[in-house]
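Notes for the structure review
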Amino acid sequence: IEQVKLYTNAFILQDNKILLGYKKRGFGKDLYNGFGGKVDPGETSVEAAVRELQEEAGITAPLRHSGVLFFTVSDVAHAFYIDVYYANEYSGTIEETEEMRPQWFSVEQNATGTQHNSNKTDSEFAPIPYEQMWADDPFWLPLLIQGRPFIGRADFGADGRMQKWWFAEIPVS
Ligand code: 6U4
Ligand code: NA
Ligand code: NA
């Protein structure tokens, strides 16, 4: 690894829904993810997270830190250090931008794995589209949703497949 670059990734969690963005261009194109990007010189990680959320979804939120991720990609010279944030509220109006198409998803079906509530035939919101997300996301996104801090590492091959990984909840007292 020649260099580590700092990134952010931010999620809004509200009313058993999570706000994801469909990435329309650049790194991770055609995948759903949180909102984020590179930490610029002179700004803190949380400042970058707030700025990127504003730039990509049009909203501002009181972001709180949730986890830390470290990724390598075999044909990319730098490693990705990602601070992951969440908020339960936001201000402004969610807007599609040139980079991201925001969309709400239900967290309920994903949390339980099955639908126990037979009164609820179909949700207005689709479950989290893990098959259209980075391969590491199923390991830590459920922890973020449950408010449990996490840490993890994954190494991706040139083909984009996750080759080695390790994720854990951070015990907090
Ligand atoms: P520029 O060059 O400024 O347009 P920027 O918007 O700063 O780029 P971008 O969009 O490339 O950065 O940021 C990548 C985003 O993808 C960050 O939110 C971090 C996130 N990311 C990168 N690898 C990831 C992975 N394996 N799993 C994941 N998110 C990842 O869930
Ligand atoms: Na970005
Ligand atoms: Na950026």
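Below, the structure is looked at part by part. Here the residue numbers are simple positions, counted from 1 along each chain's written sequence. Chain A is the first chain written and ligand 1 is the first ligand written, with later ones labelled in order. The predicted nature of this model means local features are confined to residues of pLDDT at least 70 and side-chain atom pairs, given and counted, to a pLDDT of 80 or more, with totals for whole chains, interfaces and linings taken over all residues. Values shown for side chains rest on all heavy atoms present in the structure; no hydrogens or waters enter the calculation.

This paragraph deals with the site of ligand 1. Close to ligand 1 lie 19 residues; Thr8, Asn33, Lys38, Asp136 and Asp137 are nearest. Residue Lys23 places a side-chain N or O atom 3.2 Å away from an oxygen atom belonging to ligand 1. Under this definition, polar contacts are N or O atom pairs within 3.5 Å; protein pairs additionally need one hydrogen-donor-capable and one acceptor-capable atom, and for neighbouring residues in sequence, both atoms have to be side-chain atoms. Here Asp136 contributes a side-chain N or O atom positioned 2.9 Å from a nitrogen atom of ligand 1. Surface accessibility follows the Shrake-Rupley procedure with a 1.4 Å probe radius. Residue values consider only the protein chains on display as shielding. Surface burial for ligand 1 is 81%, taken as the share of its 650 Å² of free accessible area covered by protein chains. Mapped onto the shell around ligand 1, the elements with two or more residues apiece are strand S1 (3–14), helix H1 (45–57) and helix H3 (137–145). Class assignment for the residues of the shell around ligand 1 results in seven nonpolar, five polar and seven charged. Residue proximity to a molecule or strand is established when one non-hydrogen atom of the residue lies within 4 Å of it. A run of H or I in DSSP counts as a helix once it spans at least four residues, and a run of E counts as a strand once it spans at least two, with each numbered from the N terminus. Residues are grouped as follows: nonpolar covers Ala, Val, Leu, Ile, Met, Phe, Trp, Tyr, Cys and Pro; charged covers Asp, Glu, Lys and Arg; every other residue, Gly included, is treated as polar.

Within the patch definition used here, like charges are joined within 9 Å and nonpolar side chains (Val, Leu, Ile, Met, Phe, Trp, Tyr) within 5 Å, considering only residues with over 30% relative accessible area and no salt bridge. Criterion for a salt bridge: a side-chain nitrogen of Lys or Arg within 4 Å of a carboxyl oxygen of Asp or Glu. On the surface, a nonpolar cluster with roughly 390 Å² of combined accessible area is contributed by Ile151, Trp166, Ile170 and Val172. Checked against the element boundaries, Ile151 lands in strand S9 (residues 150–156).

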